[in-house]
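# Topology and contacts: notes
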Amino acid sequence: MTTKASTTKKRSTVKSTAKKEVNGKKSSVLQIQNLPLDKIKPDLEQPRKTFNEDALKQLSESIEKHGVLQPITVRQLNGHYIIVMGERRYRASKLAGKKTVPCIVRTYENNDILEVQIIENLQRQDVEPTEEAEAIAYLSEKYAPTEIAKRLGRTDNFIRQRLKLAGLIDGFKQFVRNGEMTISLGVGVALFEPEEQQMMLETIGEDFNAHQINRMIKDQTYDLEKASFDITDKKLVPKAGSCVECPFNAANQGNLFGEGKMVCTKAACFETKKSKSLLNLIEKSKKENILLIPEIRQYWADDENNQLVISQLEKNGLKVYLLDDVEIIENPIEPTIEGIKIEYQHYDYSEDELKAELDEAKQNHNEALEEYNSAKENGFVNGILFHPETCRNKEVFIKIVEKTKDESTDYSAPLANRKMADCTPEEQIVKINEREIRKKQIENNKQFEEVVQMIRVTKYIDTKKTLSTDEMVAFSISLFENNVDYMSQQKYFSKFLGDTSKMTKVQVVENFKKKFKKEIFHKLIRYMLTKQVHFGESNHVNNLTNISFYNAMQGYYKSKIAGIEKEYAKKRSKREARLKERITVLEKQIEELND
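To continue, consider the overall build of the protein chain. Of regular secondary structure, the protein chain possesses 20 helices and 12 strands. Buried positions account for 33% of the 595 residues belonging to the protein chain. Restricting to contacts in the protein chain with at least 6 residues of sequence separation, those with at least 24 account for 63%. Carbon and sulfur atoms make up 50% of the accessible area of the protein chain, which totals about 40,100 Å².

The structure is reproduced here in structure tokens:
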């Protein structure tokens, strides 16, 4: 039985007793009392710290009209009552100007109070995630995750994720509370030790940057499905054991990266296993007399990381051959229609065109397979190709390339083919500068790709502002470079970019921006409108692009379009008249046959 606060009588305290049958006898279970609000105090140890002000106001308005429909639970302490459950109703009652609130007074053991409060709070729908995480972490000291899940009506995976979220340092927890950081990203950060989290926090500074945090997580985690070693091997590094059962495997922490996705979150351990796997590969090469080839070209042999790999091979007594020194035949992968669809996903290919691509791929596969199967007959031997950074490897057939004297690494060989040690000081300077230019290009490629990927996950596309000049410039140049053929460039846009013979690409864009006019933008759009229409089986009544184009052109060439329409209508009318006559004759023939 529930007693409404609105039914209070004149006296300050009203008692109501709920009864239930116990062994055939009526037993007192609950006692609901209307207690004065000034005798009630919130529990300072209450795990819930945040209350939505708007929701609190709505509840107070409801209490003004209907009273408190569900009593709060309190315990007695030093002449006052301390709230165990229902602080939100207590606060709303004060806002509503109530003098009393219906209460159930209970006695608790000290250790039970917090547990009751936690479970009551966690069963609500509006729990702040970090408070929820801390509360579940408290319960985990007494109960296993599966037991907590049953008590709260949650999945095991949900509980494990919240337990991981509880490991966030305060700085990141604040980002979650503010709504700046998603729970999934917070869980990703919580994979790392507090010291590592603090370093990440200091790196991003005061402004929250989800893309930067994602990148840091990516740089410090490893996809175990792409590991160079057997992740089930318990003996590779005995102290670490198997990755499958490891607590630092994200799959064992609540599917943090997706259902069953195995990701290592312990960088030092992963690197140790990777290094051990390379040593095992070297031992296999020596024992079975198999050539071990790092995926390094001569041009990059002097790179610091590559030098470490080459040095390790030489220290273990292996003769080092690079990619330039060998021919390699790999076991070809049989093509599938699914793979073809992925490869040509950005092309508007029909099913027949995709099938044609598959047939060609199968033909190429058969030729490659024939070459692979006859490799040993053609002088190839067994070998292992491995990546110097990831140590991932595959078995291949290898043949050492016989180099003539002209091709050998001496001063007469092309500079790009020579080792740094074989070059004069002047040549070394040239090689260093060339290599730095190439490195800058690679860095710029990666930087640009990272910026684009960052923008793609933002809400840029949904921006409601009008296009800026820079955006119109970008779109204009994109249309010009990617959609205007050479003949049209000469015919319609001969002065589009101006004289670019003495300008860098960056200068070309800046110069175009200075001279940019919206008329140029509109001209490109109109050009595209005329080029993007569809012919063949598509026309102005059965294709959206064509219909919209046809309607747009009415505003410019209505009379000319009407003239063309008239000619076709005339032809159509004559044809339909002939058809009508023909059908009439056929219908008469049908009648005669029926008679």
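Before going further, it helps to spend a moment on the packing of aromatic side chains. What the rule picks out here adds up to 8 aromatic pairs. The interplanar angle of 50° and the centroid separation of 5.0 Å between the aromatic rings of Phe-175 and Phe-208 together place this pair among those described as tilted. Here the residue Phe-175 occupies a position in helix α7 (residues 170-177), and Phe-208 occupies one in the loop between α9 (194-204) and α10 (210-219), the gap between them amounting to 33 residues. Like Phe-175, the residue Phe-208 is buried in the burial classification. Of the aromatic side chains, those joined through ring pairs into one cluster are Phe-172, Phe-175 and Phe-208. When the ring centre of Phe-158 is taken as reference, the NZ or CZ atom of Arg-154 above it lies at 4.4 Å. For the cation-ring pair, Lys-571 lies above Tyr-568, with the distance from its terminal atom to the ring centre recorded as 5.2 Å.

On to the side chain of His-365, then. Its location among the elements puts His-365 in helix α14 (residues 351-373). Using a relative accessible area of 11% as the deciding quantity, one classes His-365 as buried. When residues no more than four places from it in sequence are discounted, the contact partners of His-365 are Pro-332, Ile-333, Glu-334 and Pro-335.

On the surface, a cluster of negative charge is contributed by Asp-348, Glu-351, Asp-352 and Glu-353. With respect to the helices, strands and loops of the structure, Glu-353 is situated in helix α14. A relative accessible area of 38% places Glu-353 in the partly exposed class.

Take the nonpolar core next. Side chains of a nonpolar character, in soluble globular proteins, are inclined to be buried together. Residues Phe-172, Met-181, Val-189, Met-200 and Ile-213 are the most contacted members of the largest nonpolar core, which totals 22 residues. When residues of this core are traced back to their parent elements, those giving at least two are α7, α8 (183-189), α9 and α10. With residues up to four places along the chain from it excluded, the contact list for Ile-213 reads Phe-172, Met-181, Leu-185, Val-189, Met-200, Ile-204 and Phe-208. Of all hydrophobic cores here, the second largest spans 16 residues; its members include Leu-59, Ile-83, Tyr-90 and Ala-92.

Trans is the common state for peptide bonds, and a negative phi is the common state for residues other than glycine. Notably, Asn-78 is not glycine yet its phi reads approximately 50°, a positive angle. Its place among the elements puts Asn-78 in the loop between β4 (72-77) and β5 (80-85). Looking at Asn-78, the relative accessible area reads 71%, which means it is exposed. In the Ramachandran plot, Asn-289 falls in the positive-phi region, its phi being about 55° despite a non-glycine side chain.

With that settled, consider the pattern of salt bridges. A complete count under the given rule lists 18 salt bridges for this structure. Across the pair Glu-87 and Arg-91 runs a salt bridge whose closest N-O atoms are separated by 2.9 Å. Within this pair, Glu-87 and its partner Arg-91 are both found in helix α2 (residues 87-95), separated by 4 residues, close to a single helical turn. Notably, a salt bridge pairs Glu-330 with Lys-394, separated by 2.9 Å at the nearest N-O pair. Of the two residues, Glu-330 sits in the loop between β10 (326-329) and α13 (337-343) while Lys-394 sits in strand β12 (residues 393-400), which places them 64 residues apart along the sequence. Lys-394 sits in the partly exposed class, given a relative accessible area of 37%. Within the structure, one salt-bridge network assembled from shared partners comprises Glu-128, Glu-134, Lys-173 and Arg-177.

Look at helix α5 (residues 145-152) against helix α6 (residues 156-165): their axes get within 8 Å of each other, and the N-to-C directions meet at 115°. Judged on the interaxial angle alone, α6 and α5 are roughly perpendicular. The handedness of the crossing between α5 and α6 is right-handed. Between α5, through Pro-145, Thr-146, Ile-148, Ala-149 and Leu-152, and α6, the contact on the second element is made entirely by Asp-156, Ile-159 and Leu-163.

Tallied over the entire structure, the rule returns 0 disulfides. A disulfide-free cysteine, Cys-243 has its sulfur positioned 6.3 Å from the sulfur of Cys-269, the nearest such atom. By relative accessible area, Cys-243 is classed as buried at 9%. The thiol of Cys-246 is unpaired, and the distance to the nearest cysteine sulfur, on Cys-269, comes to 6.0 Å.

Reading guide: rules and limits
- Residues numbered from 1 in each chain as written.
- Predicted model: local features only at pLDDT ≥ 70, side-chain atom pairs only at ≥ 80, totals over all residues.
- Heavy atoms only, no water.
- Helix = DSSP H or I, 4+ residues; strand = E, 2+ residues; numbered from the N terminus.
- Buried < 20%, exposed > 50% of the residue type's maximum accessible area, 1.4 Å probe, protein only.
- Contact = heavy atoms within 4.5 Å.
- Areas by Shrake-Rupley, 256 points an atom, 1.4 Å probe, with all protein chains shown as cover.
- Phe/Tyr/Trp six-rings, centres within 6.5 Å; stacked < 30°, edge-to-face > 60°.
- Lys NZ or Arg CZ within 6 Å of the ring centre and 35° of its normal.
- Patch = residues over 30% accessible without salt bridge, like charges linked within 9 Å, V, L, I, M, F, W, Y side chains within 5 Å.
- Salt bridge = Lys/Arg side-chain N within 4 Å of Asp/Glu carboxyl O.
- Lys, Arg positive; Asp, Glu negative; His and termini not counted.
- Charge placed at Lys NZ, Arg CZ, Asp CG, Glu CD.
- Core = buried A, V, L, I, M, F, W, Y, C linked by side-chain atoms within 4.5 Å.
- Axes fitted to C-alpha atoms, helices over the stretch in contact; angles between N-to-C directions.
- Parallel < 35°, antiparallel > 145°, perpendicular 65-115°, else oblique.
- Left-handed = near helix turned anticlockwise from the far one by under 90°.
- Disulfide = S-S within 2.5 Å.

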